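Below, each chain spelled out in residue letters.
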Amino acid sequence: MTGFPLYNPNAIYCVRMANYGSLCPNCQKPFRTPRAKLCAECGYTLPEGTLAGPLKERDD
Ligand SMILES: [Zn+2]
């Protein structure tokens, strides 16, 4: 339906895991951003007032 204006391929390489949100409880894919309310993968919607939050890195 709508295209992304001026798609910049360099932007992809700047994205790190730290920029993603926590894992979707439905599909286990990370939300696009910690502020996401909606899973871009499966369409899962977080409860009202809830944000994805930062992706927790396992460092053990
Ligand atoms: Zn999902």
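Data block above holds the structure.
Since the model is a prediction, treat every value here as computed from it, not as a measurement. (Residues numbered from 1 in each chain as written. Predicted model: local features only at pLDDT ≥ 70, side-chain atom pairs only at ≥ 80, totals over all residues.)

Asker: Could you give me a rundown of the overall build of the protein chain, with the residues and numbers involved?
Answerer: Scanning the protein chain from N- to C-terminus turns up one helix and zero strands. A burial count over the protein chain gives 10% of its 60 residues as buried. Taking as baseline every contact in the protein chain between residues at least 6 positions apart, the subset at least 24 positions apart corresponds to 21%. (Helix = DSSP H or I, 4+ residues; strand = E, 2+ residues; numbered from the N terminus. Buried ≥ 20, exposed ≤ 12 C-beta atoms within 10 Å, placed from the backbone. Contact = placed C-beta atoms within 7 Å.)

Asker: Quick one: what's the story with the environment of Thr 33, residue by residue and with numbers?
Answerer: Looking at the element boundaries, Thr 33 is found in the segment after helix H1 (9–14). Assessed through the 15 C-beta atoms surrounding it within 10 Å, Thr 33 is described here as partly exposed. In the structure, Thr 33 is positioned 22 residues away from Leu 55 in sequence and 8.8 Å away in space, judged by C-alpha atoms. Apart from the residues within four sequence positions on either side, Thr 33 is in contact with Asn 19, Tyr 20 and Gly 21.

Asker: An account of the environment of Ala 36 is needed here, citing residue identities and associated values.
Answerer: With respect to the element layout, Ala 36 can be found in the segment after H1. Take Ala 36: there are 18 C-beta atoms within 10 Å of it, and that puts it in the partly exposed class. Apart from residues no more than four positions distant in its own chain, Ala 36 is found in contact with Gly 21, Phe 31, Leu 51 and Ala 52.

Keep in mind these values describe shape, not function.
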